[in-house]
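The primary structure of each chain is shown beneath.
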Amino acid sequence: MFQTDADSCGDKRKNCSDEQLAQKAKGGDTDALAQLISHFLPVIKAKSGRYSLVGLEQDDFIQEGLIGLFNAVKNYDPARGASFDTYARRCIHSRMVECLSASLAQKHLPLRDYLRRRKLAFALKEVRDTNRSILDIALDHGFSSHEAFTRAFKAAYGVTPS
């Protein structure tokens, strides 16, 4: 009997390529899907950490990344020339960006409020990723004092920046 690429990796899926796993998962193989999830979950978590500074929870972005991976499995076509890894990463990224855009695209949000949120998002990134003092970060982002920055930060994110 003729054997396809998806069948050639057998029951031991550790030797399967991503393309083979995607074909098996698309056909309903939950073990293949679980292996793809475990392979791509670190990628999804790394991307979600970068996006979560804008106001949504990291778990929300992880969920969106997993939806992107499921979409990649469902829609992957090896005949189009891209590897599954490349296609899946693109689907994951696109889904997370859509989620981010939807969360930021609130209708009737005054420009002043949008700019304040954006300013706080950049400040949050600095608070999280640098060892600079809160006062220096506050002043660099246009706040008049440590207290004004702390009040705005707490109102936006529910915690103080320290």
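Whatever comes next refers back to the structure up there.
Computed from a predicted structure; not experimentally measured.

Parameters and conventions
Residues numbered from 1 in each chain as written. Predicted model: local features only at pLDDT ≥ 70, side-chain atom pairs only at ≥ 80, totals over all residues. Heavy atoms only, no water. Core = buried A, V, L, I, M, F, W, Y, C linked by side-chain atoms within 4.5 Å. Buried < 20%, exposed > 50% of the residue type's maximum accessible area, 1.4 Å probe, protein only. Helix = DSSP H or I, 4+ residues; strand = E, 2+ residues; numbered from the N terminus. Contact = heavy atoms within 4.5 Å. Polar contact = N/O pair within 3.5 Å; in protein donor to acceptor, adjacent residues only side chain to side chain. Axes fitted to C-alpha atoms, helices over the stretch in contact; angles between N-to-C directions. Parallel < 35°, antiparallel > 145°, perpendicular 65-115°, else oblique. Phe/Tyr/Trp six-rings, centres within 6.5 Å; stacked < 30°, edge-to-face > 60°. Lys NZ or Arg CZ within 6 Å of the ring centre and 35° of its normal. Salt bridge = Lys/Arg side-chain N within 4 Å of Asp/Glu carboxyl O.

Colleague: Help me understand the nonpolar core, please; the structure alone is not making it clear to me.
Modeller: A general feature of soluble globular proteins is that nonpolar side chains tend to end up buried together. By size, the foremost hydrophobic cluster in this structure holds 22 residues, and its most contacted members are Leu-36, Phe-40, Ile-44, Leu-69, Phe-84, Ala-88 and Ile-92. Here this core gets 7 residues from one element, more than from any other, and that element is helix H5 (residues 84-104). Ignoring sequence-local partners within four residues, the contact set of Leu-69 consists of Leu-36, Ile-37, Phe-40, Phe-84, Ala-88 and Ile-92. Formed by 11 residues, the second largest nonpolar core is a distinct cluster that contains Ala-123, Phe-143, Phe-149 and Ala-152.

Colleague: What is the right way to read the side chain of Asp-29 from this model?
Modeller: Within the secondary structure, Asp-29 is located in the loop between helix H2 (18-26) and helix H3 (30-51). A polar contact is formed between the side chain of Asp-29 and the backbone nitrogen of Asp-31, at a distance of 3.0 Å.

Colleague: What should I look at first to understand the packing of helix H6 (residues 111-129) against helix H8 (residues 146-157) in this one?
Modeller: Packed helix pairs are characterised by how far apart their axes lie and by the angle those axes make with each other. Running from N to C, H6 and H8 cross one another at 100°; their axes reach a closest spacing of 11 Å. In this view, H6 runs roughly perpendicular relative to H8, as classed from their interaxial angle. Facing H6, whose interface residues are Arg-117, Leu-120, Ala-121, Ala-123, Leu-124 and Val-127, H8 presents Phe-149, Ala-152, Phe-153, Ala-156 and Tyr-157.

Colleague: How should I be thinking about the packing of aromatic side chains in this particular structure?
Modeller: Where two aromatic rings form a pair, the distance of their centres and the angle of their planes describe that pair. Following the criterion strictly, the structure yields 5 aromatic pairs and no others. Between Tyr-76 and Phe-84, the aromatic rings sit 5.2 Å apart at their centres with planes inclined by 85°, giving edge-to-face as the arrangement. There is no split in this pair, since Tyr-76 and Phe-84 are both buried. Taking 5.6 Å as the distance between ring centres and 55° as the angle between the ring planes, the aromatic pair formed by Phe-149 and Phe-153 counts as tilted. Taken together, the positions of Phe-149 and Phe-153, both in helix H8 and 4 residues apart, correspond to about one turn of that helix. Phe-153 matches Phe-149 in its accessibility class, with the two residues each being buried. Over the face of the ring belonging to Phe-143 we find Lys-119, whose NZ or CZ atom lies 4.7 Å from the ring centre.

Colleague: Any chance you could explain the pattern of salt bridges here in plain terms?
Modeller: Oppositely charged side chains are able to pair whenever their charged atoms sit close together. With the rule as written, the count across this model stands at 6 salt bridges. A salt bridge links Asp-129 to Lys-125, with the nearest nitrogen and oxygen atoms 3.2 Å apart. One end of the pair, Asp-129, and the other, Lys-125, are both in helix H6, 4 residues apart, so they sit about a helical turn from each other. By relative accessible area, Asp-129 is classed as partly exposed at 44%. On the basis of relative accessibility, which here comes to 38%, the residue Lys-125 falls in the partly exposed class. Arg-132 is the salt-bridge partner of Glu-126, the closest N and O atoms lying 2.4 Å from each other. For Arg-132, a relative accessible area of 33% translates into the label partly exposed. If you follow the salt bridges from partner to partner, you end up with Lys-125, Arg-128 and Asp-129 in one network.

From the geometry alone we can't say anything about function, so treat these as descriptive.
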